Amino acid sequence: MPRAGFCSCWGRRVLPLLMAYVCYLLLGATIFQLLEKQAEAQSRDRFQFEKLRFLENYTCLDPRALEQFVQVIMEAWVKGVNPKGNSTNPSNWDFGSRYGNLAPSTEAGQVFCVFYALVGIPLNVIFLNHLGTGLRSHLATLDRESLSPSQLLQILGLALFLTLGTLVILIFPPMVFSHVEGWSLGEGFYFAFITLSTIGFGDYVIGMDPSKHYISVYRSLAAIWILLGLAWLALVFPLGPLLLHRCSQLWLLSRGLSLKEGGAPETNGPPRPQKIPISA
C-alpha cells in the first residue's frame with residue numbers, strides 16, 4: 001500500500017512537472033531553430049562566397065594554404081587572441097583581464113581549473129548568500145510584524161532602495177558598455193542579462209577590440225559589477241514578493257480597509273472540537 005501511494009503521488013505531482021519541462025525544452029528548441037537557422041545558413045554561404053572570391057583575386061594562393069591560415073585564426077580566437085587589426089593584443093592573463101570567453105588551453109591549466117572550480121563554486125555561492133543576508137535579516141521584520149501606518153516610510157525606503165539599485169546595477173552599466181564598445185542599447189542589455197543570469201554565451205565580450213583604447217581597470221570594474229549584480233539579484237528575488245505583498249496591504253489600508261474584514265475572527269490556533277458528553 002505505501003508503494004502504491006508513492007506511485008500515485010509521483011504520478012500526480014512529478015509527471016505533470018516533467019511533461020511541462022519537456023514541452024518547455026521542445027518549445028525553446030523550435031523557436032530558436034526558426035529564428036537562427038536561416039541566419040546561420042546565410043552566414044555560412046557568405047563565408048564560402050568571400051573565400052572563393054579571395055582565391056580568385058589572389059591566384060597565387062594555394063587553397064590548402066588558405067585553409068591552414070583559417071585554422072590558425074580559429075585557434076587564436078579560441079585562445080582569446082583577437083586576430084582583427086594590426087595592433088598587438090594585450091595579455092589576457094594579467095590580473096586585470098581574467099574575464100570574458102577566456103579558457104585555459106594548456107593541460108596543466110585545465111587540471112588546475114577543475115580543482116580550483118571544485119572549491120570556488122561552493123565558495124562563490126556561500127559568499128553571495130551571505131552578502132545579502134544582512135539586509136534580508138534587517139528587512140525580515142516587515143514579514144513578521146503586523147502592518148501599521150508607521151511602516152510606510154520603511155516600505156517606501158525599501159522601494160526606493162530597490163529602484164536605485166536596479167538603475168545602478170541593471171540599467172546604467174549596459175548603457176556604459178554600449179557607449180564604450182560601440183554596441184546598440186539592445187546589445188548592451190542583452191550582454192548584461194546573459195552575464196548576470198550566468199548563461200554566459202561569450203558572444204559579447206567587453207574590452208576585446210584592439211582598435212579601442214580601454215582604461216587599465218576597465219575589465220576589472222566589469223568583474224566587480226558582475227559580483228555586485230549577482231549579489232543584488234540574490235537579494236531582490238526574495239524581497240520582491242515581500243515588497244509587493246506589503247504594498248498591497250498599504251493600498252488596502254489607504255482605502256480604509258482591514259485585512260481581517262470579511263474573514264474569520266482571529267484565533268490563537270485552529271478551532272478545537274467541542275466535547276460531547278456520553279451518557280452511560
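Residues numbered from 1 in each chain as written. Predicted model: local features only at pLDDT ≥ 70, side-chain atom pairs only at ≥ 80, totals over all residues. Heavy atoms only, no water.

Colleague: In this structure, what is going on with the overall build of the protein? I would like to understand it.
Modeller: Broken down by element type, the protein carries eight helices and zero strands. A total of 280 residues make up the protein; the buried ones form 19% of that total. When contacts within the protein are restricted to residue pairs at least 6 apart in sequence, long-range pairs at least 24 apart make up 57% of them. (Helix = DSSP H or I, 4+ residues; strand = E, 2+ residues; numbered from the N terminus. Buried < 20%, exposed > 50% of the residue type's maximum accessible area, 1.4 Å probe, protein only. Contact = heavy atoms within 4.5 Å.)

Colleague: When you look at the packing of aromatic side chains in this model, what are you seeing that I'm missing?
Modeller: Working definition: an aromatic ring pair is given by the centre-to-centre distance plus the angle between the planes. Within the structure shown, the criterion is met by ten aromatic pairs. Aromatic side chains Phe177 and Phe191 sit 5.4 Å apart centroid to centroid with 90° between the ring planes, which places their arrangement in the edge-to-face category. Of this pair, Phe177 sits in helix H6 (residues 152-181) while Phe191 is found in helix H7 (residues 185-196), placing the two residues 14 residues apart along the sequence. Taking relative accessible area as the criterion, Phe191 reaches 3% and is therefore assigned buried. Each residue in the set Phe177, Trp183, Tyr190, Phe191, Tyr204, Tyr214, Tyr218 and Trp225 is aromatic and connected to the rest through ring pairs, giving one cluster. (Phe/Tyr/Trp six-rings, centres within 6.5 Å; stacked < 30°, edge-to-face > 60°.)

Colleague: Honestly, the side chain of Ser178 in this entry has me stumped. Any pointers?
Modeller: Mapped onto the fold, Ser178 is located in helix H6. On the accessibility criterion, Ser178 (5% relative accessible area) is buried. Not counting residues up to four positions away in its chain, the partners in contact with Ser178 are Trp183, Ser184, Leu185 and Gly188.

Colleague: What is the right way to read the environment of Val81 from this model?
Modeller: One can find Val81 in the loop between helix H2 (63-78) and helix H3 (107-131). Expressed as a C-alpha distance, the spacing of Val81 and Leu102, which sit 21 residues apart in the sequence, is 9.4 Å.

Colleague: I would appreciate a short explanation of a nonpolar patch on the surface in the present structure.
Modeller: There is a patch of nonpolar side chains on the surface, built from Leu15, Leu18, Met19, Tyr21, Val22, Tyr24, Leu25 and Leu26 and spanning about 800 Å² of accessible area. With respect to the helices and strands, Leu25 occurs in helix H1 (residues 2-57). Residue Leu25 is classed as partly exposed on the basis of its relative accessible area, which comes to 43%. (Patch = residues over 30% accessible without salt bridge, like charges linked within 9 Å, V, L, I, M, F, W, Y side chains within 5 Å. Areas by Shrake-Rupley, 256 points an atom, 1.4 Å probe, with all protein chains shown as cover. Salt bridge = Lys/Arg side-chain N within 4 Å of Asp/Glu carboxyl O.)

Colleague: Is there a simple way to think about the nonpolar core in this case?
Modeller: The tendency in soluble globular proteins is for nonpolar side chains to be buried as a group. The biggest cluster of nonpolar side chains holds 18 residues, and the ones touching the most others in it are Phe177, Phe191, Ile206, Trp225 and Trp232. A total of nine residues in this core trace back to one element, the largest contributor, which is helix H8 (residues 218-254). (Core = buried A, V, L, I, M, F, W, Y, C linked by side-chain atoms within 4.5 Å.)

Colleague: Mind showing me how you'd approach the confidence of the model for the protein here?
Modeller: Here the protein averages 76 in pLDDT, while 69% of its residues score no lower than 70. Within the protein, helix H5 (residues 141-144) has the poorest average pLDDT of any element, 53, and H7 the best, 91. Predicted confidence for residues 273-280 stays below pLDDT 50, and this span has zero contacts to residues more than four positions away or in other chains. (pLDDT = per-residue confidence, 0-100.)

Colleague: What should I look at first to understand unusual backbone geometry in this one?
Modeller: Across the chain, the bulk of peptide bonds are trans and the bulk of non-glycine residues have phi less than zero. Notably, Thr198 is not glycine yet its phi reads approximately 60°, a positive angle. Counting through the fold element by element, Thr198 comes out in the loop between H7 and H8. Looking at Thr198, the relative accessible area reads 58%, which means it is exposed.

Colleague: When you look at H7 in this model, what are you seeing that I'm missing?
Modeller: Helical periodicity: at 3.6 residues per turn, an α-helix aligns residues three or four positions apart in one direction. For H7, spanning twelve residues, the distance from its first C-alpha to its last is 16 Å, which sits close to the expected 16 Å at 1.5 Å a residue. Along H7, the positions that sit buried rather than exposed are Gly188, Phe191, Ala192, Ile194, Thr195 and Leu196. Just past H7, the residue Thr198 takes up positive phi, approximately 60°. (Expected span 1.5 Å × (residues − 1).)

Colleague: Would you mind showing me how to read the environment of Asn82 here?
Modeller: Its place among the elements puts Asn82 in the loop between H2 and H3. Between the alpha carbons of Asn82 and Met208 there is a distance of 7.0 Å; along the sequence they are 126 residues apart.

Colleague: Explanation requested: the side chain of Glu181 in the structure shown.
Modeller: Within the secondary structure layout, Glu181 lies in helix H6. Of the side chains bearing the opposite charge, Lys212 lies closest to the buried Glu181, which forms no salt bridge; the N-O distance is 6.2 Å. Polar contacts involving the side chain of Glu181 include one to the side chain of Tyr218, which spans 3.0 Å. (Lys, Arg positive; Asp, Glu negative; His and termini not counted. Polar contact = N/O pair within 3.5 Å; in protein donor to acceptor, adjacent residues only side chain to side chain.)

Colleague: I would appreciate a short explanation of the pattern of salt bridges in the present structure.
Modeller: Where charged atoms of side chains with opposite charge meet at close range, the side chains can pair. Applying the stated rule across the entire model yields three salt bridges. Arg53 is paired through a salt bridge with Glu50; the nearest N and O atoms lie 2.8 Å apart. Here Arg53 pairs with Glu50, and both are found in helix H1, just three residues apart, close to one helical turn. For Arg53, a relative accessible area of 39% translates into the label partly exposed. Accessibility expressed as a relative area gives 31% for Glu50, which makes it partly exposed.

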